[in-house]
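Structural overview
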Amino acid sequence: MTDTVLDIRNVSKRFGDNLANDDISLSLAKGEIVALLGENGAGKTTLMSILFGHYVPDTGSVSVMRQMLPPGKPRAAIRAGVGMVHQHFSLAPNLTVLENVMTGTESLWSLGSNVSAGRKKLIEISQRFGLKVDPDARLGDLSVGEQQRVEILKALYNDARILVLDEPTAVLTKLEAETLFSTLKDMARQGLSLIFISHKLDEVMATADRIVVLRGGKLVAERNVGETSKAELAELMVGRKVTRPVREASTPGEIVLEAAGITVRSGGVDRLKSVDFRLRAGEVLGIIGVSGNGQAVLAQLLSGTIGRSAGDLVLFGKGAGDLTVADAVSSGIGRIPEDRNRDGAIGEMAIWENAVLERLPEFSKAGLVDRKAGIAFATKIISAFDVRGGSPTSRIRLLSGGNMQKLILGRNLIEHPRILLAAQPARGLDEGAVAAVHERILEARKAGTAVLLISEDLDEVMALADRIQAIVGGRLSPSVNAEDVDARRLGLMMAGEWGGSADAV
Amino acid sequence: MRFERREHRSTLLVIATPILAVIAALAIAGLLIAAAGAPVFEAYWKILTSAFGSRLSATETLTRASPLILTGLAAAVAFRARLWNIGGEGQFYLGAIAAAAASAHLFAGLPSLLQIPLLFIVGAFAGMVLLLVPLWLRLRFSVDEVVTTLLLNFVALLFVSMLIDGVLKDPAAFGWPQSEAVDAAARLPKLLARSRLHIGLGIAVVIAFLIYFVQTRTVFGVQSRAAGLNPSGAVFAGVPLGRTLVIVAMISGGLAGLAGTIEVLGVKGYVTTDLSPGYGYSGIVVAMLANLNPLGVVLAALFTATMFVGADGMSRSMGIPTYIADVTVALSLLSMLVAVFFTQYRIRR
């Protein structure tokens, strides 16, 4: 290629026993979008950290515009025109957008700050790339998608010609992600070169020109987007054929959970408005919706962490009263929280403590915790659910996202719950872990568990659910059979257009 | 250079941390001693001999350590659950005055075996009440307890000052503001004859082990740890957050109140406004030095008491200001915080 802007040559990096990057070479042309695809731990982030000067490679070199970058110097990388958009933004929430963007661009020793020039430049860039943002808004008041826009603007403000985005869609809603990708394409058309790190096949196929697959620290394949398929990429990424499990036909049993006219009011707003649904043993009911439409509240309600303002909840044929967490757990509701790091685990506590925390009454005698039984319980989950990366006594924070999710699934499913409440169960997981989670959910369904699946991932819901209801603005649509709808119809339902044609429950 | 989270913390590292921190603090304080023109090693030797060189000094150091263990535990228990109780000093005084008043008026004449436990309960209860108020404000109105507990220290101290210059004033004290003496039967038995060392030390150490047991083995201990480490995760797992904090506050405030009770029953026998040389505040330092470990609190309290008693003696014989003790303890705290950081992170280049 004639217009090579970035050339990574034979880079290797070892951490202890772990060869994170093994002789990787990669180049990037002007105006090109390259996707760096790989599972968690494949070495994507390490490679980008070397490019950006956060890490010094053991061997190999990085050159930008035919100039060799000195290793381990982020400043040199920035000056050469490399911009990084981190997965966890490196922005200060108490500063304004403009202040955030300008931070680090001026000498610490200069007394004044040339705010008006900065503002002019920021507005100019934001118009050129269609990244709309209010320079004087406080960063903390912005949505996650807007904060990411600021992070991109900050890189562009530093005159970046090469932009690296680390899992840019991990924190975004579907709609925000689509906006982001059209912006990225526009930036490429204007001559910027982009690398984005991802493990999501759809977005990679839709956005990138070229796809580079890393596995176990090695570059295993390089494909132009027209010459490959999702199936091939998945296989390259995982190293074996991955097949997402298929839902078999089944006949659902009796109704185990019935909600009628449930309303949840908080802060003067109806978070849920007169919601109705019925959940039967041995079926998966999918609740689909763009996040922020009340599905989190529904999950909290059924988890027992918040109460309802009106409506009836009938659990196993009996009124559920004020459902508490203890009620939910003891009556056999397995719960997978939407945010596993915030709600699903106490990072600094041991794996076994996390396994038994919600069922301490079972694992204690006279107020004393039965440590032995707890460890045995955790050991059982670890082996039955193939949790890797930790022993029962190691802290749960050390587990990868997928393994933590397997543990959370395990602590719920190992006791064969009658109901499983799964909120965004595969969010942020890589392809192999998604398949494992889905398989477990379908297994539970087969064993007669009633599954309430809350998700914003269309593919996930269509693959797992027997019936689907959409949630929009706190209201729940009538249910439709999964066989009778396609992605287009579901998209309409998520937009609130569910018409009058509901299928019978 | 950047900091990277350590994946594993070895036991050796955890044990070595406070020791290295104290050594670092002594080294830095040594520079100050040298700057004051005194030989450093001799000064430290003097501190050690002044604190433990004779029967009198050793018992004095242990007597000082007893309330520090209790106030240290009070802070450690609360901090573990992320309840920032800075009000140990006020709870200490309230516990002391409540016990002194109850002994002089309510329980006077009761035999020791009955009276002393009753006074412990009264004193602990007073400390509890003083912490439950800020906790209620936090749970009900989200008022930051750092501010309320800190300011209540002054309220408590002035309240005690009012009492001992008013209704509880000892008429036999020649006009000095001090409370009436506690009943003779309420005085704590001595641990050693001809010394000020009383059974409070044993009580404090036993309580430290008890707290350790509660924190590591009981349902309440696991739940309060979860509540402190990740409140929303704890709520999801069904931990009653409010109730857990109330119990934590009762233990924390109770311990600080008990520290005051034991000090007044064990050492002085009456309350003045200089009963505590800042035991409540030093308890925070002790807890942090111990990395909030209840058994570590015992050792940290011993270290702090050693520095304070030893520095007094060293200052008399070498002419260095006793403030060197404050400086050393403060430096230990700072180096401990740095050391704890390095048990969690490593430096990568």
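Residues numbered from 1 in each chain as written. Chains lettered and ligands numbered in written order. Predicted model: local features only at pLDDT ≥ 70, side-chain atom pairs only at ≥ 80, totals over all residues.

1. Examining the overall build of chain B
Put simply, the rule reads: What counts as a helix is a DSSP run of H or I of at least four residues, what counts as a strand is a run of E of at least two, and both are numbered from the N terminus. With the radius of gyration taken over C-alpha atoms, the globule rule is written as 2.2 Å times the number of residues to the power 0.38. Placing a C-beta atom from the backbone of each residue, one calls two residues in contact when those atoms lie within 7 Å.
Regarding its fold elements, chain B presents 13 helices and two strands. Its C-alpha radius of gyration of 21 Å places chain B within 12% of the 20 Å reference for a compact globule of 349 residues. A principal-axis box enclosing the C-alpha atoms of chain B has dimensions of 70 × 60 × 30 Å. A fraction of 78% describes how many contacts in chain B between residues 6 or more apart in sequence connect residues 24 or more apart.

2. Observations regarding the overall build of chain A
Quick note on the threshold: Comment: burial labels come from other C-beta atoms within 10 Å of the residue's own C-beta, placed from the backbone, where a count of 20 or more is buried, 12 or fewer is exposed, and between is partly exposed.
In terms of regular secondary structure, chain A is built from 17 helices and 23 strands. Relative to the globule expectation of 23 Å for 505 residues, the C-alpha radius of gyration of chain A, 25 Å, shows essentially globular dimensions. The principal-axis extent of the C-alpha atoms belonging to chain A is close to 70 × 50 × 50 Å. Relative to its 505 residues, chain A shows a buried fraction of 46%.

3. Details of the interface of chain B and chain A
Taken residue by residue, the interface counts 18 residues in chain B and 24 residues in chain A. Residue assignment for the side of chain B that touches chain A shows that the elements contributing at least two residues are α8 (219-229) and α9 (231-236) of chain B. Considering every element that reaches the side of chain B that touches chain A, the biggest residue donor is α8 of chain B, with six residues.

4. Some words on unusual backbone geometry
The phi torsion of most residues other than glycine is negative, and most of the peptide bonds are trans. A positive phi angle, close to 55°, is found at Asp386 of chain A, a residue other than glycine. The topology assignment puts Asp386 of chain A in the loop between α13 (371-384) and α14 (401-413). We note that Asn291 of chain B has phi near 55°; this positive angle belongs to a residue other than glycine. Here Asn291 of chain B shows up in the loop between α11 (279-289) and α12 (294-318).

5. Here we look at the pairing of strand β9 (residues 210-215) of chain A
Residue and element names in this part refer to chain A. Our working definition: In short, DSSP must find at least two bridges between two strands for them to pair.
Sheet analysis places strand β3 (residues 33-37) next to β9, joined by four bridges and oriented parallel. In the sheet register, Val34 faces β9, and the bridge partner there is Arg210. Here β9 pairs with strand β10 (residues 218-224) via six bridges, running antiparallel. In the strand pairing of β10, Val212 is matched with Glu222. From the end of β9 to the start of β10, which pair antiparallel, there are two residues, and Gly216 there has a positive phi angle of about 55°.

6. Describing helix α4 (residues 88-106) of chain B
Quick note on the threshold: Helix span, as expected, comes to 1.5 Å for every residue beyond the first.
Look at α4 of chain B: 25 Å from first C-alpha to last across 19 residues, which is about the 27 Å you get at 1.5 Å a residue. With 16 of 19 residues buried, α4 of chain B is to be regarded as a mostly interior element.

7. Topic: the environment of Gly374 of chain A
Note on placement: Gly374 of chain A falls in helix α13. As for Gly374 of chain A and Asp327 of chain A, which are separated by 47 residues in sequence, their C-alpha atoms are 21 Å apart.

8. Brief notes about the sheet that holds β9 of chain A
Residues and elements named next belong to chain A. Put simply, the rule reads: Axis angles are defined between N-to-C directions and span 0 to 180 degrees, where every axis is a line fitted to C-alpha atoms and, for a helix, only to the segment in contact.
Read from one edge of the open sheet, six strands run β6-β7-β8-β3-β9-β10, paired in mixed fashion. Strand pairing shows two members of the sheet lacking a second neighbour, β6 (82-85) and β10, which therefore form its edges. Averaged over all pairs of adjacent strands, the angle between strand axes in this sheet comes to 20°, irrespective of strand direction. Running at roughly 170° to β6, helix α5 (residues 144-157) makes contact with β6 and β7 (162-166) of the sheet.

9. Digging into the packing of helix α5 (residues 112-141) of chain B against helix α6 (residues 145-164) of chain B
The angle between the axes and the distance between the axes are what describe a pair of packed helices. Residues and elements named next belong to chain B. The following threshold applies: The cut-offs work like this: below 35 degrees is roughly parallel, past 145 is roughly antiparallel, 65 to 115 is roughly perpendicular, and the gaps in between are oblique. Handedness of a helix crossing follows the sense of rotation of the near helix relative to the far helix, less than a right angle counterclockwise being left-handed and clockwise being right-handed. The nonpolar class holds Ala, Val, Leu, Ile, Met, Phe, Trp, Tyr, Cys and Pro. Asp, Glu, Lys and Arg form the charged class, and all remaining residues, Gly among them, are polar.
Across the interface, α5 lies against α6 with an axial gap of 10 Å and an inter-helix angle of 150°. On the basis of the axis angle, α5 is roughly antiparallel to α6. In this structure, α5 meets α6 at a crossing whose hand is right-handed. Of α6, the residues touching α5 (which contributes Leu130, Leu131, Pro134, Leu135, Leu137 and Arg138) are Glu145, Thr148, Thr149, Leu152 and Ala156. Grouping the constituent residues of the contact of α5 with α6 by class yields seven nonpolar, two polar and two charged.

10. Things to note about the confidence of the model for chain A
Residue and element names in this part refer to chain A. The criterion, for reference: Confidence scores here are pLDDT values: one per residue, from the predictor, ranging 0 to 100.
Mean pLDDT over chain A works out to 87, with 97% of the residues at or above the 70 mark. Taken element by element, the predicted model of chain A shows its lowest mean pLDDT in helix α17 (residues 487-494) (82) and its highest in helix α12 (residues 351-356) (95). Of the regions scoring below 50 in pLDDT, residues 501-505 engages in nine contacts with residues more than four places distant in sequence or in other chains.

11. A look at the domain arrangement of chain A
Residues and elements named next belong to chain A. Cut-off, in case you're wondering: In this document the domain limits rely on a domain assignment from an automatic tool or a database.
Here chain A is described as being made up of domain 1 (4-238) and domain 2 (255-494). Just the C-alpha atoms count here: the centres of domain 1 and domain 2 sit 34 Å apart. Contributions of two or more residues to the side of domain 1 that touches domain 2 are made by α6 (174-189) and α8 (230-238). The element best represented in the side of domain 1 that touches domain 2 is α8, accounting for three residues. For the side of domain 1 that touches domain 2, the residue count by class is five nonpolar, four polar and two charged.

12. Let's talk about the environment of Val297 of chain A
Residues and elements named next belong to chain A. Topologically, Val297 is positioned in helix α9 (residues 295-303). The partly exposed category is assigned to Val297, around which 19 C-beta atoms lie within 10 Å. Residues Val297 and Arg271, spaced 26 residues apart in sequence, show a C-alpha to C-alpha distance of 6.8 Å. Those residues in contact with Val297, other than ones at most four positions away along the chain, are Val264, Arg271 and Leu272.

13. A short note on the sheet that holds strand β5 (residues 67-68) of chain A
Residue and element names in this part refer to chain A. Across the sheet, four strands lie side by side as β2-β1-β4-β5; this open sheet has antiparallel pairing. Lying at the two open borders of the sheet, with one neighbouring strand each, are β2 (18-29) and β5. Two strands pair when backbone bridges link them, and strand β4 (residues 59-64) and β5 are joined in this way by two bridges, in the antiparallel orientation. Following the sheet pairing, Ser63 is matched in β5 by Met68.

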